[in-house]
Amino acid sequence: MTDSSSDKFATRAIHAGQHPDPATGAIMTPIYQTSTFVQKSPGQFIEDYDYSRAANPTRTALEQNLASLEGGKHGLVYASGVAATGAVIHLLSAGDHVLLCDDVYGGTNRLFHRVFQQLGIEISLVDMTDEAALAAAFKPNTRLVWLETPTNPTLKIVDIEAVARASKAHNAILAVDNTFASPVLQNPLALGADIVCHSLTKYIGGHSDCIGGALITNDTELHNKLKFLQLSEGAVPGINECFLMLRSTKTLQIRVQRHSENAMAIAKHLDAHPGVEKVIYPGLPSHPQHELANRQMHTENGYGGMITIYLTGGLDAAKRMLEKTRLFSLAESLGGVESLIEHPAIMTHASVPPEQRKTLGISDSLVRLSVGIEDVEDLIADLDQSLA
Ligand SMILES: *Cc1c(COP(=O)(O)O)cnc(C)c1O
């Protein structure tokens, strides 16, 4: 047997949810590529499995592993991050009200406003760094509060404990999308959140080769409802995806540490660069919520791999930079081992109405970096030549 009860993240990452295969001793959890499972007698399963939409051993290993990394009792995985988000929204009924943090991930914003609003879900966008604004936004029918921290792309830090207190006082469920921080840098359940949501596509997968989502909770009643929805809606990942994700969590901590180390060096370098007006990075003391980041994040592992910069020039300067980088690839997404660069106003946040983009500070001179784990001197040289 392997020990997965350690209080150390790196050990749980490699062992939690996993056992040598009982049939062969294979150390890696096999890819149980099967849709159905033979029964001993009608309704009597050999193990806990009857049909792979309901459960599959490779998926179970991943679900238990992710639950452990978030310090949660229960984990569920999905075909994508937005499928996981959709499952949470299906806990609601028509007439319920949701508080959504104002610079929430574009796909989350679209799902709430363009799919669920027409089914009778009421939504308010709130700047959750503003406690008074948050307190004023609750309504008697508020059932769900949804936040991300750090936010995308302006990397605001939201005080999870404060929002959890307010949500509890109003009997609302707090769900935290922890994709940007990853469980290496932040564990929202320990700060009072009811559900943690992940896009596994980003840091957890980490290699830009598969799509997936997860929900983790300590609340067994909530888990049972979500499990029922997972079975009923069927937005489950393929078994190969589960295997790849499970393989990825083993290196999650060292990857995030290197992403963070590289990002810190790049943030400091760009902060002193004449072509850059402002660098937003939670690890810089100039970040407005640097102290809060230190309090609620596991900053001994760093401050993450995402950096947002405002260039001194406008759209033309941004386009020039984005066309000239050689190591930083011009692409959406984030969290993979390779460095990416993108222009939120034209790319990831194009669907956000211009007025809202303005309020959020997503201007034409804003550029977002997802810093990879390449050699940091090469990365800095690439950014320097692209800004020259
Ligand atoms: C990518 C992302 C999602 C959506 O995940 P998919 O796996 O693309 O469906 C949700 N939240 C955040 C913060 C993301 O970056």
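For the structure itself, look to the data block above.
Before going into details, it helps to say that this report is about the structure given with it.

Reading guide: rules and limits
- Residues numbered from 1 in each chain as written.
- Predicted model: local features only at pLDDT ≥ 70, side-chain atom pairs only at ≥ 80, totals over all residues.
- Heavy atoms only, no water.
- Helix = DSSP H or I, 4+ residues; strand = E, 2+ residues; numbered from the N terminus.
- Rg over C-alpha atoms; globule rule 2.2 N^0.38 Å.
- Buried < 20%, exposed > 50% of the residue type's maximum accessible area, 1.4 Å probe, protein only.
- Contact = heavy atoms within 4.5 Å.
- Lys, Arg positive; Asp, Glu negative; His and termini not counted.
- Charge placed at Lys NZ, Arg CZ, Asp CG, Glu CD.
- Pairing = 2+ DSSP bridges.
- Disulfide = S-S within 2.5 Å.
- Salt bridge = Lys/Arg side-chain N within 4 Å of Asp/Glu carboxyl O.
- Phe/Tyr/Trp six-rings, centres within 6.5 Å; stacked < 30°, edge-to-face > 60°.
- Near = heavy atom within 4 Å.
- Polar contact = N/O pair within 3.5 Å; in protein donor to acceptor, adjacent residues only side chain to side chain.
- Nonpolar A, V, L, I, M, F, W, Y, C, P; charged D, E, K, R; others polar.
- Right-handed = clockwise from strand over helix to strand, strands pointing away.

A separate point is the overall build of the protein. Of regular secondary structure, the protein possesses 14 helices and 14 strands. Over its C-alpha trace the protein gives a radius of gyration of 21 Å, about what one expects of a compact globule, namely 21 Å for 388 residues. Principal-axis analysis of the C-alpha atoms places the extent of the protein at approximately 75 × 50 × 35 Å. Going through the 388 residues of the protein one by one, you find that 57% of them count as buried. Intrachain contacts of the protein at a sequence separation of at least 6 include 71% that bridge at least 24 residues. Of note, the protein has its 30 positive side-chain charges centred 2 Å away from the centre of its 43 negative side-chain charges.

This brings us to the sheet that holds strand E14 (residues 366-370). Here five strands make up an open sheet; going across it, the order is E10-E11-E14-E13-E12 and the pairing mixed. Each of the sheet's edge strands pairs with one partner strand only, and the pair in question is strand E10 (276-280) and strand E12 (329-330). Alignment of strand E11 (residues 306-311) against E14, held across five bridges, turns out to be antiparallel. Its bridge partner lying in E14, Thr-308 is registered against Arg-368.

According to the stated counting rule, one finds zero disulfides in the structure shown. Among the cysteines around Cys-242, which has no disulfide bond, Cys-210 carries the closest sulfur, lying 9.2 Å off. Residue classification places Cys-242 among the buried positions, given a relative accessible area of 0%.

Here we take up the pattern of salt bridges. Applying the stated criterion across every chain, the model contains seven salt bridges. Where Lys-139 meets Glu-122, a salt bridge forms, and the shortest distance between an N and an O atom there is 2.5 Å. A residue pair is termed long-range when its members are at least 10 positions apart, and Lys-139 in the loop between helix H5 (131-137) and strand E6 (142-148) and Glu-122 in strand E5 (residues 122-126) qualify at 17 residues. With relative accessibility at 31%, the residue Glu-122 sits in the partly exposed group. The partner of Arg-368 in a salt bridge is Glu-342, and the shortest N-O contact between them spans 3.2 Å. Of this pair, Arg-368 sits in strand E14 while Glu-342 sits in strand E13 (residues 340-342), and the two are 26 residues apart along the sequence. Under the relative-accessibility criterion, Arg-368 is labelled buried at 3%. Looking at Glu-342, the relative accessible area reads 1%, which means it is buried. Several salt bridges converge on common partners, so that one network encompasses Asp-102, Asp-127 and Lys-156.

Attention now moves to the packing of aromatic side chains. Counted according to the given criterion, the structure contains three aromatic pairs. Arranged with centres 6.1 Å apart and planes meeting at 65 degrees, the rings of Phe-112 and Trp-146 form a pair that is edge-to-face. Residue Phe-112 is located in helix H4 (residues 106-116), and its partner Trp-146 is located in strand E6; the two are separated by 34 residues in the primary sequence. As far as the burial class goes, Phe-112 and Trp-146 line up, both buried.

Our next topic: the site of the ligand. Around the ligand there are 14 residues in total, and Gly-81, Asp-177, Ser-199, Thr-201 and Lys-202 lie nearest to it. Between the ligand and the protein, one listed contact pairs an oxygen atom with a backbone N or O atom of Gly-81 at 2.9 Å. Between Asp-177 and the ligand, the recorded distance is 2.6 Å, taken from a side-chain N or O atom to a nitrogen atom. Per-class residue counts for the shell around the ligand are five nonpolar, six polar and three charged.

Attention now goes to the pairing of E5. When strand E4 (residues 97-101) meets E5, the two strands line up parallel, connected through five bridges. Counterpart to Leu-99 in the pairing with E5 is Ser-124. Handedness of the β-α-β unit built from E4, H4 and E5 comes out right-handed.

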